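# Observations on the three-dimensional arrangement
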Amino acid sequence: MAGLEFVGVRKTYPNGVKAIHGIDMAVSDGEFVVIVGPSGCGKSTLLRMVAGLETVTEGEIRIGENRVNELEPADRNIAMVFQNYALYPHMSVFDNMAYGLRNRRTPRDEIARRVAEAAGTLQLEGLLDRRPGQLSGGQRQRVAMGRAIVREPEAFLFDEPLSNLDAKLRVQMRLEIKRLQRALGTTSLYVTHDQVEAMTLADRLIVMNAGVAEQIGTPLEIYDAPATLFVAGFIGSPAMNFLSGTVADDGAGANLDGAERTLLVAPPASARRGRITVGIRPEHLEPVSRETAALEVVVELVEALGADSLVHGQLADGGEGAAVTVRVDGARRVAAGEVLSLAVAPNHVHFFDPDDGKRLA
Amino acid sequence: MVENRPWLTVFSHVVLCLGVLVTALPIWIAFVASTHPADSMLSGRTPLLPGGNMLENYATVLGSGVKAAGSIPVGTMLWNSFVMALMIAVGKIAISIIAAYAIVYFRFPLRKTCFWVIFITLMLPVEVRILPTFGVVASLDMLNSYWGLSVPLIASATATFLFRQFFLTVPEELAEAARIDGAGPLKFFRDILLPLSRTNIAALFVILFIFGWNQYLWPLLVTTDEGFYTIVMGIQRMLQAEDAEPAWHEIMATSMLAMLPPVLVVVFMQRLFVKGLIEQEK
Amino acid sequence: MEKRVVFSKLGLPILLVAPQIVITLVFFIWPASQALYQSLLLEDAFGLKSQFVWLDNFIALFSDPHYLNSFARTVVFSAATAGLSLGVALFLAAMADRVLKGATAYRTLIVWPYAVAPAVAGVLWFFMFNPSIGILAYLLKGLGYDWNHYLDGTDAMMLVILAASWKQVSYNFLFFLAGLQAIPRSLVEAAAIDGARPFKRFWTIVFPLLSPTAFFLLVVNIVYAFFDTFGIVHATTSGGPAQSTTILVYKVFNDGFIGLDLGGSAAQSVVLMAVVITLTVFQFRYIERKVAY
């Protein structure tokens, strides 16, 4: 097993499109790193560069101690699980798993042993003679995993492996992948656009946007202290509320546009006088009595999810862009038109510079 | 159908049966003629029911040919046709599939040019370049040979495009997975792409075999040695008999034999054949 | 459309396209350019001397009444063959699409003449219409028509048209039926609910949806009539009587291969090439438009 390292990695396509603007990061041995971001952010490109399916324009990718930029995919000692599984449709499950080993001239009995072992781990024992076309989506997914496992690679690369499954199966397979990776202890790089998948699977996350790694950290680090507006909005569901305003004259709070009262949470000292963006997650707003409230929201719509309800509304007197979502206890009855008075947990208020989107600290 | 109109359905069946009859009529007449002795043909009109000379007539043409026209045995012509059709079908498929593979899966200089050069063959059927093509084949000393009969016909834009079209529908991840599994370009072609193309190859084979079998002008040009006559062009020689009236019973027996192999291929491999044809529209 | 994944070898792809390219160059491009070159030359009867004459061969060609006559006959022949075989095929396909039971059986029974070589098809009809023993000629005589394609140019033309159409119906039928079966049932049902009778439904809903197929077939049929029918003419009428069935491909063959008029034959080849290129471009544009849908 080995770690993985990106040193100043850039990718420019022949047509001039810049896909990756410079990534530096080290993945340690056995770590599970998830690359998350919206479509087109370059996350798949980054993964495919590690696999050797895309060339590296600039910088260096290392697996273990070795620079792999120039190596063929087969020589990098990695295994990949594709979104559409990419199983060979004309080969049996056994042959699908064995193909890579045969190409490496692994001895026959060794192949049989490894495939049997992987089939055992993935509960595929009875299916080894079937063709991929005869399997369910979940089973195909397992075969794709099996094909990666039997190779005993230095690293697993996952390219949105769960997005072709239905919601229920996705949750189940997510757990299985995590369990498997823990058991094998193989360094893993996992690409997804689904932030729930990212949060639950990752030891560490890379949040990417437009070819740039906006933030790298553990899921909770990122949740608690998002480095940019983009990260703050992307991680967490429902998304964080953003309210614009100005820093109060005495620096002890912020005057939100469309709110009557000053929000009495002091912005960090680095905040210049002037415009500021305040971020508060829906789960960090709490209905209270009118007197102690920091914000007042006119309710427009309530989505009851059972355990809790999502209340969508606007700041009272609010103008454009003052939409607020609040997560309240499911037992609480809230009706449209009602004015909800809300308190804010001071530790959970985030301040951003509206010009460059950076977190103020 | 949408609503129940029995008379319309009956009408449809009647029309279709008529269509089937007209389709079959020439073959029936030919078959009947091929089973009668020579003198039945002189009575003023062809009989409508089979006669008793079937085995004799077929044995004669197969074994010794149509005597009146001085032809070689039809058995030899059948063999020539078979060899030519097979070489054309196999040759076209072989060179087209590798060319399509190169064009789809590789980037190389002049790739676009190659594509256009192949495309141009669509515009140049044998019929429009008869003399110069004959000249080339003659100067390559390929007249009166199986090579001369087949090789000049095996370049095929259609087959190349069909394979290209099919390769483009093969998920790219398959090639990527194969690369990660350590398969080089040739191994990927042999282990993955070729097995996946099986039905396409079979469908194309049916079409191309018929195409090759039915060649007429080309064998007419490049064979002067009777030993290389194919059956489809050989029939014409039989009609040019020196006698006043051709030996119809034997000519019809030969025609039946000329139709039999491709018709059997179409009837028994109908699904493949239909698939192969319809794909050409796409 | 292009693949994202490529193998980055250089020698291999060149090796892979080489056979196709070499054969194309040797047997297609080179002869075609020869034809083009020769069409501008005037050679003496012994092929010893040749002289560059620019477009004289073409001018001679288009002022030759025999050639113009042949051109006109080809147009009549092609239009009749395409029209007859498309019309019959469409009618049969529409009927086969109506009957739920046995459509596949009908298809099998109608489709197989596709496998019959044009030359053989010609011989079969030639036999049936034979003035002295042919069954159809006999029937016509009974109706008071004295059929003789050996003497009558119109009879000969009808003969080759019938033989050519008989063979081509199968192909057109197959495509029309596939096209009809690809039309969603729900559309026809919607039209029925809107009150359109079967006949009206066919012309207002079904036929317009079938028009891409029809157009494709039209081009294919014209190409077929222009080029693939050589065998029919050569095996039966040999262009006669009195050149009444001398279609262009037959004339090229006859003037060049039998008459050994190199320049004239080459010029005719070039004209034919222009015809195929035009038709191919037509078809190509149609395919492009279909992609744009």
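Residues numbered from 1 in each chain as written. Chains lettered and ligands numbered in written order. Predicted model: local features only at pLDDT ≥ 70, side-chain atom pairs only at ≥ 80, totals over all residues. Heavy atoms only, no water.

## A closer look at the overall build of chain C
Of the regular secondary structure elements, chain C holds 12 helices and 2 strands. Starting at the N terminus and walking to the C terminus, you meet the elements of chain C as α-β-β-α-α-α-α-α-α-α-α-α-α-α. Here the C-alpha coordinates of chain C stretch approximately 75 × 75 × 30 Å along the principal axes. Counting only residues that meet the buried cut, chain C has 55% of its 293 residues in that class. Expressed as a percentage of contacts within chain C between residues at least 6 apart in sequence, the contacts between residues at least 24 apart total 66%. Within the structure as shown, chain C displays about 13,100 Å² of accessible surface, and the carbon and sulfur contribution to it stands at 69%. The averaged location of the 15 negative side-chain charges in chain C is 17 Å from the averaged location of its 18 positive side-chain charges. (Helix = DSSP H or I, 4+ residues; strand = E, 2+ residues; numbered from the N terminus. Buried < 20%, exposed > 50% of the residue type's maximum accessible area, 1.4 Å probe, protein only. Contact = heavy atoms within 4.5 Å. Areas by Shrake-Rupley, 256 points an atom, 1.4 Å probe, with all protein chains shown as cover. Lys, Arg positive; Asp, Glu negative; His and termini not counted. Charge placed at Lys NZ, Arg CZ, Asp CG, Glu CD.)

## Quick look at unusual backbone geometry
With an omega dihedral of -5°, the bond running from S237 of chain A to P238 of chain A counts as a cis peptide bond. Mapped onto the secondary structure, P238 of chain A falls in the loop between α8 (229–234) and β11 (241–247). In this model, A242 of chain C sits at a positive phi of 50°, which is unusual for a non-glycine residue. By secondary structure assignment, the location of A242 of chain C is in the loop between α10 (230–235) and α11 (248–258).

## Considerations on the packing of aromatic side chains
Inspection of the entire model under this criterion finds 47 aromatic pairs over all chains. Between F119 of chain B and F161 of chain B, the ring centres sit 5.8 Å apart and the planes meet at 40°, which makes this aromatic pair tilted. Of this pair, F119 of chain B sits in helix α4 (residues 111–120) while F161 of chain B sits in helix α7 (residues 157–169), and the two are 42 residues apart along the sequence. Ring geometry for Y145 of chain C versus W147 of chain C: centroids 6.4 Å apart, planes at 55°, classification tilted. (Phe/Tyr/Trp six-rings, centres within 6.5 Å; stacked < 30°, edge-to-face > 60°.)

## Regarding the interface of chain B and chain C
Listed per partner, the contact involves 113 residues of chain B and 99 residues of chain C. Each partner contributes to the roughly 10,000 Å² buried at the junction of chain B and chain C, and carbon and sulfur atoms together form 75% of this total. Inspection of the chain B/chain C interface yields 0 salt bridges. If one sorts the elements of the side of chain B that touches chain C by residue count, helix α1 (residues 6–33) of chain B sits on top with 19 residues. (Buried area = accessible area lost by both parts, 1.4 Å probe. Salt bridge = Lys/Arg side-chain N within 4 Å of Asp/Glu carboxyl O.)

## Thoughts on the domain arrangement of chain C
Residues and elements named next belong to chain C. On domain assignment, one finds that chain C holds domain 1 (11–52) and domain 2 (56–292). Distance between the C-alpha centres of domain 1 and domain 2: 31 Å. Tallying the contact residues gives 9 residues for domain 1 and 9 residues for domain 2. The tally of links between domain 1 and domain 2 comes to 0 salt bridges. (Domains from an automatic or database assignment.)

## A word on the pattern of salt bridges
A side chain of one charge can pair with a side chain of the opposite charge if their charged atoms are brought near each other. Considering all chains together, one arrives at 25 salt bridges over all chains under this definition. For K187 of chain B, the salt bridge is made with D191 of chain B, and the minimal N-O distance between the two is 3.7 Å. Taken together, the residues span about one helical turn, with K187 of chain B and D191 of chain B both in helix α9 (residues 185–196) at a distance of 4 residues. Taking relative accessible area as the criterion, D191 of chain B reaches 15% and is therefore assigned buried. For the salt bridge of R190 of chain B with D191 of chain B, the shortest nitrogen-to-oxygen distance reads 3.2 Å. Taking relative accessible area as the criterion, R190 of chain B reaches 52% and is therefore assigned exposed. A cluster of three or more residues bridged by salt bridges with shared partners is formed by E5, E60, R62, R67 and E70 of chain A.

## Here we look at the nonpolar core
Membership of the largest hydrophobic core comes to 233 residues, with the highest contact counts inside it found for F6 and L189 of chain A together with Y101, Y105, F167 and F273 of chain B. Counting 43 residues, the second-largest nonpolar core is a separate cluster that includes L101, V115, L201 and F234 of chain A. (Core = buried A, V, L, I, M, F, W, Y, C linked by side-chain atoms within 4.5 Å.)

## Some words on the sheet that holds strand β20 (residues 349–352) of chain A
All names here are of chain A. Across the sheet, 5 strands lie side by side as β13-β12-β11-β14-β20; this open sheet has antiparallel pairing. Strand pairing shows two members of the sheet lacking a second neighbour, β13 (262–263) and β20, which therefore form its edges. The sheet contact formed by β11 and strand β14 (residues 275–280) spans 6 bridges and is antiparallel. In the strand pairing of β14, N241 is matched with I280. (Pairing = 2+ DSSP bridges.)

## Some remarks on the domain arrangement of chain A
Interfaces are often sized by the accessible area lost when the parts come together. All names here are of chain A. Each assigned domain of chain A is listed here: domain 1 (4–231) and domain 2 (238–352). Placing a centre on the C-alpha atoms of domain 1 and another on those of domain 2 gives a separation of 39 Å. Every contact between the two is made by 6 residues of domain 1 and, on the other side, 8 residues of domain 2. Taking both partners together, domain 1 and domain 2 bury about 570 Å²; carbon and sulfur atoms supply 62% of that area. The largest contributions to the domain 1 side of the interface with domain 2 come from Y223, P226 and L229, which together make up 83% of the buried area. Taken together, domain 1 and domain 2 are joined by 0 salt bridges.

## Focus: the packing of helix α8 (residues 172–180) of chain B against α9 of chain B
A packed helix pair is summarised by two numbers, namely the angle formed by the two axes and the spacing between the axes. Residue and element names in this part refer to chain B. Two numbers describe how α8 lies on α9: the axes approach to 10 Å, and their chain directions differ by 150°. On the basis of the axis angle, α8 is roughly antiparallel to α9. By crossing handedness, the relation of α8 to α9 is classed as right-handed. Listed contacts from α9 to L174, A175 and A178 of α8 are F188, I192 and L196. Taken together, the residues of the contact of α8 with α9 break down into 6 nonpolar, no polar and no charged. (Axes fitted to C-alpha atoms, helices over the stretch in contact; angles between N-to-C directions. Parallel < 35°, antiparallel > 145°, perpendicular 65-115°, else oblique. Left-handed = near helix turned anticlockwise from the far one by under 90°. Nonpolar A, V, L, I, M, F, W, Y, C, P; charged D, E, K, R; others polar.)

## Side note on the environment of Y37 of chain C
Residue and element names in this part refer to chain C. Tracing the chain through its elements places Y37 in helix α1 (residues 11–38). Given the relative accessible area of 47%, Y37 is considered partly exposed. Sequence spacing of Y37 and A266 is 229 residues, and the spatial spacing of their C-alpha atoms is 8.2 Å.

## A few points about the pairing of strand β8 (residues 187–192) of chain A
All names here are of chain A. For β8, a buried count of 6 out of 6 residues is recorded, marking the element as mostly surrounded by other parts of the structure. Where burial is concerned, the two faces of β8 agree: the one with T187, L189 and V191 and the one with S188, Y190 and T192 are both buried. Pairing between strand β3 (residues 32–36) and β8: 5 bridges, direction parallel. Residue I35 lies in a different strand from β8, and its bridge partner there is V191. Looking at chain direction, strand β7 (residues 155–159) and β8 are connected through 5 bridges and run parallel. Bridge pairing in β8 places L157 opposite L189. Between the parallel elements β7 and β8, the chain passes through helix α5 (residues 167–184) in a crossover that is right-handed. (Right-handed = clockwise from strand over helix to strand, strands pointing away.)

## Side note on helix α7 (residues 153–181) of chain C
Residues and elements named next belong to chain C. The terminal C-alpha atoms of α7 lie 41 Å apart, and with 29 residues this matches the ideal 42 Å at 1.5 Å per residue to within 8%. At Q168, α7 shows its maximal bend, which comes to roughly 35°. Most of α7 sits out of view: 24 of its 29 residues are buried. With a side-chain oxygen positioned 2.7 Å from the backbone nitrogen of T154, the residue opening α7 is D152. (Expected span 1.5 Å × (residues − 1). Bend = angle between axes of the 7 residues up to and from the residue. Polar contact = N/O pair within 3.5 Å; in protein donor to acceptor, adjacent residues only side chain to side chain.)

## Digging into the sheet that holds β3 of chain A
All names here are of chain A. Taken in spatial order, the 6 strands make up an open sheet running β6-β7-β8-β3-β9-β10, and their pairing is mixed. The open sheet terminates on both sides in strands that have one partner only, identified here as β6 (78–81) and β10 (212–217). Averaged over neighbouring strand pairs, the angle between their axes works out to 15° when direction is ignored. Here β6 pairs with β7 via 4 bridges, running parallel.

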